[in-house]
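Summary of structural features
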Amino acid sequence: MRRSLIDLDDLSAHEIEYLFERTTAFERKAPSRLLDGVACVNMFFEQSTRTYTSFNLAELRLGAQVVNLAPKDLSLATKGETVEDTVITLAAMGVQVLVVRHPEAGFPKRLAMAFDGHVVNAGDGAHAHPTQALLDIFTLREEFNELRGLTVAIVGDVLHSRVAHSTMLGLIGLGVDVVLVGPECFLPTGHAIAGARIERDLDAVLEHAHALILLRIQRERFETMPLTDAEYVASYRLDHARLSRLRPQTIVMHPGPYNRGMELDDSVLEFAGWRYARQVMHGVYVRMAVLDFLVNGQR
Ligand code: ASP
């Protein structure tokens, strides 16, 4: 089986370090066509703006041949073709890389088991989003250099967030004190907490956190909102008053899309420590590093 990236634990600490070195190098100087002629197919079964554009740009900047398939183009979605048969077809055309987003947790893994090529998980259900985790960790590294000993609060609908899952996996492995903050209905339990701390009260963490990662409420993943919007906003929205309680160097991140008025208000978008645009910018280069690593190996 060829190398795929389904979740962050597919990478060793050393490999993550290597990917970050490559990301930094690519940001300083655009690389040559490291994927010259490599056929990449992006299969997005779920809506995406950032991740879709970011993977496309990463592939194009590396010189790959890029094909984008929307759900309506995919015969496995409508014509009853199995995943296994779809990937046999794509491999026969010389496709080497599949980037896949799917609402079902585990779908990219199934593809990877059947495909004679590399699969990159661009988000599967509430399970994982490893390239988002890499760009989040890269952004934190840029800011703080050494992550060990930092406190990072992941705030909001942690339970339904694949970003929270993958990012906390990476951060805990790097010695970060991760605090999951939200109402009980949005917090994981049992082994899913994976070494993080749980805190219901956002106001209790504001003065201690080095970084806040805000999350969107993933309404597409549950039937009824377990609390009212007003209740959520009162306890968890980051606003001017809460921003003023942060330490001077604290940064605020968000994987996007963010919902103004819910998890944040407009004052966050003007806050000096708001790092959303840095995250998005790093995302393209991190994905270039991942694609080059999977196809060409470590240089
Ligand atoms: N863009 C992220 C994801 O695909 C986060 C979100 O949708 O809220 O998981």
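First things first, this report covers the structure right here in the doc. (Residues numbered from 1 in each chain as written. Predicted model: local features only at pLDDT ≥ 70, side-chain atom pairs only at ≥ 80, totals over all residues. Heavy atoms only, no water.)

With that out of the way, let us pick up the overall build of the chain. Across its full length, the chain carries 12 helices and 9 strands. A compact globule built from 299 residues would reach a C-alpha radius of gyration of about 19 Å, and the chain, at 19 Å, matches this within 12%. Once the C-alpha set of the chain is aligned to its principal axes, its extents read approximately 55 × 45 × 35 Å. Residues classed as buried in the chain amount to 55% of the 299 residues present. Only carbon and sulfur atoms are counted for the fraction: they give 51% of the accessible area of the chain, which is about 13,000 Å². (Helix = DSSP H or I, 4+ residues; strand = E, 2+ residues; numbered from the N terminus. Rg over C-alpha atoms; globule rule 2.2 N^0.38 Å. Buried < 20%, exposed > 50% of the residue type's maximum accessible area, 1.4 Å probe, protein only. Areas by Shrake-Rupley, 256 points an atom, 1.4 Å probe, with all protein chains shown as cover.)

Below, the discussion takes up the site of the ligand. Taken together, Arg-101, His-129, Arg-162, Val-163, Arg-216, Gln-218, Gly-256 and Pro-257 make up the full set of residues near the ligand. Taking Arg-216, its side chain carries an N or O atom lying 2.8 Å from an oxygen atom of the ligand. When isolated, the ligand has an accessible area of 260 Å², and the protein chains bury 93% of it. Taken together, the residues of the shell around the ligand break down into 2 nonpolar, 3 polar and 3 charged. (Near = heavy atom within 4 Å. Polar contact = N/O pair within 3.5 Å; in protein donor to acceptor, adjacent residues only side chain to side chain. Nonpolar A, V, L, I, M, F, W, Y, C, P; charged D, E, K, R; others polar.)

The subject of this paragraph is the pattern of salt bridges. For the structure on display, the rule yields 18 salt bridges. The residue Asp-203 makes a salt bridge to Arg-245 at a minimum N-O spacing of 3.4 Å. Here Arg-245 lies in the loop between helix H10 (240-243) and strand S9 (251-253) and Asp-203 lies in helix H8 (residues 202-205), a separation of 42 residues in the sequence. Between Arg-219 and Asp-229 there is a salt bridge, with the nearest N and O atoms lying 3.3 Å from each other. Residue Arg-219 is located in the loop between strand S8 (211-214) and helix H9 (229-236), and its partner Asp-229 is located in helix H9; the two are separated by 10 residues in the primary sequence. A cluster of three or more residues bridged by salt bridges with shared partners is formed by Asp-203, Glu-207, Arg-242 and Arg-245. (Salt bridge = Lys/Arg side-chain N within 4 Å of Asp/Glu carboxyl O.)

So, on to the sheet that holds strand S3 (residues 95-102). The strand order across the open sheet formed by 4 strands is S2-S1-S3-S4, and the pairing between neighbours is parallel. With one partner strand each, in any of the chains shown, strand S2 (65-69) and strand S4 (118-124) form the two edges of the open sheet. Averaged over all neighbouring strand pairs, the angle between strand axes comes to 15°, with direction disregarded. Bridge count for strand S1 (residues 39-44) against S3 is 6 bridges, and the pairing is parallel. Bridge pairing in S3 places Ala-39 opposite Val-95. Strands S1, S2, S3 and S4 of the sheet are contacted by helix H2 (residues 50-61), whose axis makes an angle of about 175° with S1. Sitting on the sheet, helix H5 (residues 107-114) is in contact with S1, S3 and S4, with an inclination near 170° to S4. (Pairing = 2+ DSSP bridges. Axes fitted to C-alpha atoms, helices over the stretch in contact; angles between N-to-C directions. Contact = heavy atoms within 4.5 Å.)

One finds Leu-134, Leu-140, Ile-154 and Leu-180 to be the most contacted residues of the largest nonpolar core, which totals 57 residues. With 10 residues, the single largest contributor to this core is helix H12 (residues 276-296). When neighbours within four sequence positions are excluded, Leu-180 is seen to be in contact with Ile-154, Val-158, Met-168, Leu-187, Pro-188, Ile-193, Ala-196, Arg-197, Ile-198 and Glu-199. Membership of the second largest hydrophobic core comes to 26 residues, among which are Ala-153, Val-181, Leu-227 and Leu-243. (Core = buried A, V, L, I, M, F, W, Y, C linked by side-chain atoms within 4.5 Å.)

This brings us to the pairing of strand S5 (residues 151-155). Within S5, 5 of the 5 residues are buried, which leaves the element mostly enclosed by the surrounding structure. Of the pairings in the sheet, the one linking S5 to strand S6 (residues 177-181) comprises 5 bridges and is parallel in character. Bridging across to S6, Val-155 finds its partner in Val-181. As a crossover connection, the stretch from S5 through helix H7 (residues 162-173) into S6 is right-handed. Strand direction decides the pairing type here: S5 and S8, joined by 4 bridges, are parallel. (Right-handed = clockwise from strand over helix to strand, strands pointing away.)

Before going further, it helps to spend a moment on the environment of Glu-46. For Glu-46, the location among the structural elements is in the loop between S1 and H2. In this structure the C-alpha to C-alpha distance between Glu-46 and Glu-104, which are 58 residues apart in sequence, comes to 9.8 Å. If sequence neighbours within four positions are ignored, Glu-46 has contacts with Arg-101, His-102, Pro-103, Arg-162 and Arg-221. A polar side-chain atom of Glu-46 sits 2.8 Å from a polar atom in the side chain of Arg-162.

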